[in-house]
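Observations on the three-dimensional arrangement
So the chains spell out like this:
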Amino acid sequence: MDILGIDIGGSGIKGALVNAETGEMQTERFRIPTPKSKKPKDMAKVVAKIVEHFDYKGPVGCGFPSIVKNGVCMSPGNLHKSWVGVNIDELFTKHTGHEFTVLNDADAAGYASMNYGIGKGENGLVIMVTIGTGLGSGAFFNGVLIPNFELGQIPYKKYKKIETWAAASAKEREELSFEKWSKRFNKFLKYVELIVSPDLIIVGGGTSKKWGEFSHNIDIETKVVKAELMNHAGIIGAAVACLREQHHGQLH
Ligand code: BGC
């Protein structure tokens, strides 16, 4: 069954039709920059444009860059603070006429990797880390999602959250080389290792495309691999999550 998957990020909103049984993308990815205001209504309008682009009729799966509980946004992430408390499902349904399944973006990316990617069949604690505007994290124990892990929120030195210092947005803002930035990223991974003792860490998100430029600086005990679905994982995982919700009435 083809399902429209949408991945909402701090810099772009992307969608594609996905065969949610095989995890294959059926169309090119369509991307529109995230509106500068990062406010609910402006972003919902962009989501509607993405849905219209695909001339699609069914339910939509959507990864969203904040804590999401029962379709409600629970934290601002890197978006406008007015998102907190908004029922994202309802807002997007109102703007598009489609049914939505919304989950955290890193949880969605993890879903794709655990079902169709490098995480398939991996037991124990697997952490998906996405590098983008923020540092997202998705946790899976014996293949089952533990939703809304927020490892990018660990305070670090003068920063309220380590992602402000170690995400791709910090690299851009401070014009850091991959060499310099990846040492920060490795520091973040060290904390992750210390706090949750994972068995495997999968690195995804936009910056994972540049894996070759920074993986030599990843130096922790835990095995760290690149998500081979790279930045498509968010779209694919959102579609998979949507299909599961259609079948089971809940995410598994
Ligand atoms: C948010 C997370 C999100 C991550 C990646 C963080 O700022 O707190 O919920 O997964 O950014 O988008």
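This text gives an overview of the structure that appears in the document. Predicted model only: the values in this text are computed from it and were never measured. (Residues numbered from 1 in each chain as written. Predicted model: local features only at pLDDT ≥ 70, side-chain atom pairs only at ≥ 80, totals over all residues. Heavy atoms only, no water.)

**Considering the nonpolar core**
In this structure, Ile6, Ile8, Phe64, Trp83 and Phe92 are the most contacted members of the largest nonpolar core, which totals 55 residues. Looking at this core, the element that brings in the most residues is helix H8 (residues 233-248), giving 9 residues. Here this core gathers at least three residues from each of two domains, domain 1 (2-107 + 232-248) and domain 2 (121-230). (Core = buried A, V, L, I, M, F, W, Y, C linked by side-chain atoms within 4.5 Å. Buried < 20%, exposed > 50% of the residue type's maximum accessible area, 1.4 Å probe, protein only. Helix = DSSP H or I, 4+ residues; strand = E, 2+ residues; numbered from the N terminus. Domains from an automatic or database assignment.)

**A few points about the packing of aromatic side chains**
Scanning the model with the defined rule gives 15 aromatic pairs in all. Aromatic side chains Phe178 and Trp181 sit 6.1 Å apart centroid to centroid with 80° between the ring planes, which places their arrangement in the edge-to-face category. One end of the pair, Phe178, and the other, Trp181, are both in helix H6 (residues 178-196), 3 residues apart, so they sit about a helical turn from each other. Per residue, the accessibility class of Phe178 equals that of Trp181, and both read buried. When the centroid spacing of 5.1 Å and the interplanar angle of 80° are considered together, the rings of Trp181 and Phe214 count as edge-to-face. Of this pair, Trp181 sits in helix H6 while Phe214 sits in helix H7 (residues 211-214), placing them 33 residues apart in sequence. One aromatic cluster in this structure is built from Phe178, Trp181, Phe185, Phe188, Trp211 and Phe214. Here Lys171 stacks its cationic end above the ring of Phe178, 4.1 Å away from the centre of that ring. (Phe/Tyr/Trp six-rings, centres within 6.5 Å; stacked < 30°, edge-to-face > 60°. Lys NZ or Arg CZ within 6 Å of the ring centre and 35° of its normal.)

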